[in-house]
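Each chain, written out:
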Amino acid sequence: MIHLAADFNPGKPNPRTPEVAPALSPDTLSISQQKTVQSVLQFVVTLGVCPYLMPGVGVPLRYRTEFGAVVQDLVCLDAAPHATRRLYTTCKVLLNVAKHASLGSLIFCRHFGDIAAGLCQLGFCPAKRKPPTSAEEVLTEEERTLSRGFLRDILDQVYQPLAVRELLILQGGPLQPCTDVKTQLRCQAPAWLRRLCGQMLSERLMRPSGVQAVVRGILEGAGAGAAGGSDAEATAADWKKCDLIAKILASCPQQCLSPENYYRHICPQILDLFHFQDKLTTRQFQRVATTTFITMSRERPQLAAKYLLQPMLAPLHRCLNTTEIPESDLVPGTILVTEEEFSRCIEDVFKVYVVGNEPLSVLVDSLLPVLGVFFSLYCFTKQSVSHIRSLCQEILLWILEKLERKKAIASLKGFAGLDKSVPSLHSLCQFRAATQGGIMITIKEAISDKDEDEVLYQKVSSEQGQVEHLGDLLSHCEECGLAGDFFIFCLEELTHVAMENEAEFKTKPFSSKSLLELEQHQTLLVEGQERKLLVLQLVAVLCERMSEQIFTNITQIVDFVAATLQRACASLAHQAESTVESQTLSMSMGLVAVMLGGAVQLKSSDFAVLKQLMPLLEKVSNTYPDPVIQELAVDLRITISTHGAFATEAVSMAAQSTLNKKDPEGKIEEQQQTSHERHTNVSHSHLERQQSHEKYPQTGPQCNAPFILQEVSEPSTATNQKSESVTTEQLQQVLLSAYDPQIPTRAAALRTLSHWIEQREAKVLDIQEKLLKIFLENLEHEDTFVYLSAIQGVALLSDVYPEKILLDLLVQYDSGKDKHTPETRMKVGEVLMRIVRALGDMVSKYREPLIHTFLRGARDPDSAHRASSLVNLGELCQRLDFLLGAVVHEITACLIAVAKTDREVQVRRAAIHVVVLLLRGLSQKATEVLRDVLKDLYHLLKHVVRLEPDDVAKLHAQLALEELDEIMRNFLFPPQKLEKKIVVLP
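Residues numbered from 1 in each chain as written. Predicted model: local features only at pLDDT ≥ 70, side-chain atom pairs only at ≥ 80, totals over all residues. Heavy atoms only, no water.

On a plain count of helices and strands, the protein chain comes out with 47 helices and 3 strands. If you take every contact in the protein chain between residues at least 6 apart in sequence, the share linking residues at least 24 apart comes to 71%. Per element, the accessible surface of the protein chain, about 53900 Å² overall, is 54% carbon and sulfur. (Helix = DSSP H or I, 4+ residues; strand = E, 2+ residues; numbered from the N terminus. Contact = heavy atoms within 4.5 Å. Areas by Shrake-Rupley, 256 points an atom, 1.4 Å probe, with all protein chains shown as cover.)

Structure (structure tokens):
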């Protein structure tokens, strides 16, 4: 038996059987027992507590139920023992019973309010002088003290939002006239009870997590419910409740030592309200937190800046260039700000500033020092996919709109790099993509001195990217006028660049300076040149990105014209007049003429602004060499001085010329040449030379360039003059220029041919084979301008004759390295992508050859060609929809094999990108088209996310999983459409 017992090893019990469940506590009540206890408790409270409460203390029993009114009338208050003694005994017995764990929850969940009301009356009700029948005659002081202790104990013991809610009910509302009998007694709570409840509510607030308890107590009591739901949405949308809670939290209680002590305890809890993860209560808490944040900032800005704004913006201040980073954190790769901390910071700033939308001075001033970090973050997010990008953009647009215009311009100068004094991201810090899709801030890796070219390249590319991203940001600021003001500032800076005297930068003799002074002087020279280049780049980007509505008022237009006139005067002073300056000056003065000519309804205040141009116009009229511009400047001064009462013919002609810039008939050049022909012989001789070129065209390539450039620059003229078709002589000239060794002439010829193909010129389309040969030969040219023009020409030609040309392109694309270079095949792949996009739904006709070519290209030895084939395959599949048919299995097998086995990173990226395009193009059709391979694609994406070492491929896979998740959610849970059909009966 001993050996049997030692060798006995029973198997593990099944955890799902009732026998394995843990034993319940011996005092656990069954459901029927709980119902019995609840009935007994209701009987005890109804007969032993509620009838003996004073008027105004608690909710009267007669207004709860009809049975309660009957019980209230049957209770005799004059019988012995005294009513106060009865109340004390009942409360004491209930509290003794509540010490038991199983019974305490039943008592406090249902009857906490009545017991708390009774203890308040027993422990805190003041003694009455007349008649002498108060509680003091029945209860001893020790019993009253014991009642106070009982009250504080149960307040600390129960669920705090429940305590807050019951105290608010006991406190009642403000004294006001009430017509309803039920609410009249509730509005007349005794003064001592209101003070007591206010004190206890303040104590609840000052406890740990007291803010959360108060917010939950008020919102749940207001109808939001603990579970949220539709009531929670309604409460979150009710800003009045949020304002009420904000006023309560922002008000310092009387028993608090000082407002600063109160803010020190409360503000961290308010910031925690932003970070609740419960989806049902998140919106409520965030709205309350935002409203409280703004209320505190409005009432006590200094304390709010110290205890709210500084902790919230601390992660951003930690990486400013004005902050000294500790030596322990200077190790390359050290994480200064974690992903979670940084994401919380950005989201909190968005909720406070953008959602709150209160441009208080303390909020704006606190955000100013970290705007440089926000812009650097915005530039970083523009380079990849991140959910933080939209938040950064909204924050930057909000602050730029709310700032004073001078401060906004100063901030934009810092963004562009023109003002080094504006705080920005520390030079040792960098943004890095984090594992959860967010961003973190780390210390840069040290770059050796040997990589000077790499450092220079990173600096130049970073500055160029910042300028381009600044242009994108300003494109959203046109309506508020900020984009126009900054553009005018850039023009003024351009004027300062033109006015700088080069003699100041000439180096003095070497003997008169020390080496240190020479080095400092050279540094200043380099910084000056960098600033000039930056200004020129800014003006170029703004001219490219901004629309015609960049100027929103007369003042901006006048400032623009003034900047142009100043730059023209500066060019004259340095004897640096150019054709561009002359054209810009004519355009700006024509703009003033248009305003004075009646295009804009001018007021007297507008003429006061226009008078700022008077000194500049006078200077132009006295110094500019062109007599036409001199005369126009004089006439404009007269018109402005007379407030438009007198306008000469020159002003009217200038206004008409400027308005005709957008004339669809394209007769502007002739009008301008005629105007100049009247006043100067130079323009007349130039016109004659141009006419002679057109009348007697020569055969040399040098003489063909003016004609070709004119055709390219004036496509609208060629389009509208349909009666004049292309002549054989003109076509021969352009064909010869397509082989010109001069790059501009050759590119212009290719673009002219593309333009004629687009216009469906009959003579051009008759030589399609010759044109295809020309374009394909130019594809091999190394200059970008030439081969991009050739790509455009082949794409347009394929759009006209896809049957003949598309198959030839596929053969050339599918050829090996021995016939065509890899670069040429890549360019043909770009042509095929443009053809697929241009064909749209018609691409289904050429489905078979396209798919087979791209699938064969996915097995090519050249990795670049494999990636190109996969990308083109993705573009094709995105447009085929249900026409994919049986080839979907081949495509899926190809993608799985490439994504798992290909050694080149770019090829694996392309394969995952095809899946993204496929799911994005099919959208809700994916469940039908890909039903046989959808599971395989899902397994592929999960494999890439888990095992792929490349971060970009992982990102593409994550995007594809998000697309697939959205598709399946909409498939399983289609949106409910509530439609009401109205039928008109005959």
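Moving on from the model shown.
This part takes up the pattern of salt bridges. A full pass over the atoms with the stated rule returns 18 salt bridges. Its salt-bridge partner being Glu 203, residue Arg 152 comes within 3.3 Å of it at the nearest N-O pair. Taken together, the residues Arg 152 in helix α6 (residues 141-157) and Glu 203 in helix α9 (residues 191-206) connect sequence positions 51 residues apart. Judged by its relative accessible area of 33%, Arg 152 is partly exposed. Classification of Glu 203 by relative accessible area gives partly exposed; the value is 26%. The salt bridge involving Asp 950 is made with Arg 909; its shortest N-O contact spans 2.8 Å. (Salt bridge = Lys/Arg side-chain N within 4 Å of Asp/Glu carboxyl O. Buried < 20%, exposed > 50% of the residue type's maximum accessible area, 1.4 Å probe, protein only.)

On to the layout of surface pockets, then. Its boundaries defined by the atoms lining it, the second largest pocket holds a volume of some 2000 Å³. Around the second largest pocket, the lining comprises 48 residues; the ones closest to its centre are Lys 444, Gln 458, Lys 459, Ser 462 and Gln 466. If you list the elements that add at least two residues to the lining of the second largest pocket, you get α18 (371-381), α20 (405-416), β2 (429-433), α21 (452-474) and α23 (515-545). At 12 residues, α21 tops the list of elements feeding residues into the lining of the second largest pocket. (1 Å grid on protein atoms, 1.4 Å probe; cavity = no way out; pocket = protein on both sides within 12 Å on 5 of 7 lines; lining within 4 Å. Points joined across faces, edges and corners; volume = space filled by probe spheres on them.)

What follows is about unusual backbone geometry. Negative phi is the rule for most residues except glycine; trans is the rule for most peptide bonds. In this structure, Ser 209 takes a positive phi of about 60 degrees despite not being glycine. The topology assignment puts Ser 209 in the loop between α9 and α10 (210-221). The backbone of Asn 357 shows a phi angle near 55 degrees, a positive value even though the residue is not glycine. As for its position among the elements, Asn 357 is in the loop between α16 (339-355) and α17 (361-367).

Okay, a nonpolar patch on the surface next. A cluster of nonpolar side chains, Val 634, Ile 638 and Phe 646, forms an exposed patch at the surface whose accessible area comes to about 230 Å². For Phe 646, the position within the fold is in the loop between α28 (627-641) and α29 (649-659). Looking at Phe 646, the relative accessible area reads 45%, which means it is partly exposed. (Patch = residues over 30% accessible without salt bridge, like charges linked within 9 Å, V, L, I, M, F, W, Y side chains within 5 Å.)

Attention now goes to the packing of aromatic side chains. Applying the stated criterion to the full structure yields 13 aromatic pairs. The interplanar angle of 45 degrees and the centroid separation of 6.0 Å between the aromatic rings of Phe 342 and Phe 431 together place this pair among those described as tilted. On the criterion of sequence distance, the pair formed by Phe 342 in helix α16 and Phe 431 in strand β2 is long-range, its members being 89 residues apart. Here the two residues Phe 342 and Phe 431 agree in accessibility, since each one is buried. Here Tyr 353 and Trp 398 contribute two aromatic rings whose centre-to-centre distance is 5.6 Å and whose plane-to-plane angle is 75 degrees, an arrangement assigned as edge-to-face. In this pair, Tyr 353 is assigned in helix α16 and Trp 398 in helix α19 (residues 388-402), connecting sequence segments 45 residues apart. Overall, Tyr 353 belongs to the buried group, its relative accessible area being 0%. Assessed through its relative accessible area of 7%, Trp 398 is described here as buried. For Arg 148, the ring lying beneath its charged end belongs to Phe 124, and the centroid distance is 5.5 Å. (Phe/Tyr/Trp six-rings, centres within 6.5 Å; stacked < 30°, edge-to-face > 60°. Lys NZ or Arg CZ within 6 Å of the ring centre and 35° of its normal.)

This part takes up the UniProt feature "domain: RNA polymerase II assembly factor Rtp1 C-terminal" (unreviewed entry) in the protein chain. Here, the residues flagged by UniProt with the feature "domain: RNA polymerase II assembly factor Rtp1 C-terminal" (unreviewed entry) are residues 731-842 and 934-966. Measuring from the first to the last C-alpha atom of residues 934-966 gives 14 Å, for a span that is 91% helix and 0% strand. (UniProt positions renumbered as here; feature names shortened; annotations may be inferred.)

Counting buried positions along strand β3 (residues 439-443) gives 5 out of 5 residues, so the element sits mostly inside the fold. Across the two faces of β3 the burial is the same, with Ile 439, Ile 441 and Ile 443 and Met 440 and Thr 442 all buried. Bridging between strand β1 (residues 335-337) and β3 involves 2 bridges; their strand directions are antiparallel. Along β3, the bridge assignment pairs Val 337 with Ile 441. Connecting β2 to the antiparallel partner β3 that follows it, the hairpin turn spans 5 residues, and Gly 437 within it adopts a positive phi of roughly 90 degrees. (Pairing = 2+ DSSP bridges.)

Here we come to the nonpolar core. Among the nonpolar cores identified, the biggest contains 182 residues, and Leu 367, Phe 374 and Phe 486 are the most heavily contacted of them. Not counting chain neighbours up to four residues away, the residues in contact with Phe 486 comprise Ile 409, Leu 412, Lys 413, Leu 470, Leu 474, Leu 538 and Leu 542. Counting 82 residues, the second-largest nonpolar core is a separate cluster that includes Val 831, Val 888, Leu 895 and Leu 919. (Core = buried A, V, L, I, M, F, W, Y, C linked by side-chain atoms within 4.5 Å.)

Examined against the element boundaries, Thr 442 turns out to sit in strand β3. Every residue in contact with Thr 442, bar those within four places of it in the chain, is listed here: Gly 333, Thr 334, Ile 335, Leu 336, Leu 428, Cys 429, Gln 430 and Arg 432.

If you trace the backbone, His 426 turns up in the loop between α20 and β2. Within the local environment of His 426, its side chain forms a polar contact with the backbone nitrogen of Leu 428, the two atoms lying 3.1 Å apart. (Polar contact = N/O pair within 3.5 Å; in protein donor to acceptor, adjacent residues only side chain to side chain.)

Moving on: α19. The first and last C-alpha atoms of α19 sit 21 Å apart over 15 residues, in line with the 21 Å expected at 1.5 Å per residue. For α19, the complete set of buried residues consists of Ile 388, Leu 391, Cys 392, Gln 393, Ile 395, Leu 396, Leu 397, Trp 398, Ile 399 and Leu 400. (Expected span 1.5 Å × (residues − 1).)

Strand pairs in the sheet, formed through backbone hydrogen bonds, run parallel or antiparallel to each other. Taken together, 3 strands build an open sheet; the order of strands is β1-β3-β2 and the sheet is antiparallel. For this open sheet the edge positions go to β1 and β2, each flanked by a neighbour on one side alone. With strand direction ignored, the average angle separating the axes of adjacent strands in the sheet is 45 degrees. Sheet analysis places β2 next to β3, joined by 5 bridges and oriented antiparallel. Looking at the pairing, Gln 430 lines up with Thr 442 of β3. The sheet contacts of α16 involve β1, β2 and β3, and relative to β3 the element is tilted by about 120 degrees. Sheet strands in contact with α18 are β2 and β3, and its direction is about 40 degrees off that of β2. (Axes fitted to C-alpha atoms, helices over the stretch in contact; angles between N-to-C directions.)

Take the packing of helix α27 (residues 614-623) against α28 next. Interaxial distance between α27 and α28 falls to 8 Å at its minimum, and their mutual angle equals 155 degrees. By the angle between their axes, α27 is roughly antiparallel relative to α28. Relative to α28, α27 is oriented so that their crossing is left-handed. In this structure, α27 uses Met 614, Leu 617, Glu 618, Val 620 and Ser 621 to contact α28, whose residues at the interface are Ile 629, Gln 630, Ala 633, Val 634, Leu 636, Arg 637, Ile 640 and Ser 641. Its residues assigned to classes, the contact of α27 with α28 comprises 8 nonpolar, 3 polar and 2 charged. (Parallel < 35°, antiparallel > 145°, perpendicular 65-115°, else oblique. Left-handed = near helix turned anticlockwise from the far one by under 90°. Nonpolar A, V, L, I, M, F, W, Y, C, P; charged D, E, K, R; others polar.)

Inspection of the secondary structure assignment puts Ala 647 in the loop between α28 and α29. Taking the C-alpha atoms as reference points, Ala 647 and Asp 635, 12 residues apart in sequence, are found 7.2 Å from one another.

Attention now moves to the environment of Leu 585. Residue position: Leu 585 is located in helix α25 (residues 579-599). Spatially, the C-alpha atom of Leu 585 lies 6.3 Å from that of Thr 564, the residues being 21 residues apart in sequence.

Another aspect to go through is the state of the cysteines. The tally for this structure, following the rule as stated, stands at 0 disulfides. No disulfide involves Cys 319; its sulfur sits 5.6 Å from the nearest other cysteine sulfur, which is in Cys 429. (Disulfide = S-S within 2.5 Å.)

On average, residues of the protein chain score 76 in pLDDT, and 82% of them are at 70 or above. Averaged over each element, pLDDT in the protein chain is lowest for helix α31 (residues 681-695) (35) and highest for α16 (92). Within the model, the stretch residues 175-187 combines pLDDT values under 50 with 22 contacts to residues more than four positions away or in other chains. Long-range and interchain partners of residues 224-230, a stretch whose pLDDT sits below 50, account for 12 contacts in this model, where long-range means more than four residues apart. (pLDDT = per-residue confidence, 0-100.)

Before going further, it helps to spend a moment on the environment of Lys 619. Tracing the chain through its elements places Lys 619 in helix α27. Overall, Lys 619 belongs to the partly exposed group, its relative accessible area being 46%. For the pair Lys 619 and Gln 630, spaced 11 residues apart in sequence, the C-alpha to C-alpha distance is 9.5 Å.

A word on the packing of helix α35 (residues 743-758) against helix α37 (residues 768-779). Where α35 contacts α37, the axes come no closer than 12 Å and their chain directions differ by 140 degrees. In terms of their interaxial angle, α35 and α37 are classed as oblique. For the element pair α35 and α37, the recorded crossing hand is left-handed. Contacts between α35 and α37 pair Arg 746, Leu 750, Leu 753, Ser 754 and Ile 757 from the former with Leu 771, Ile 774, Phe 775 and Asn 778 from the latter. For the contact of α35 with α37, the residue count by class is 6 nonpolar, 2 polar and 1 charged.

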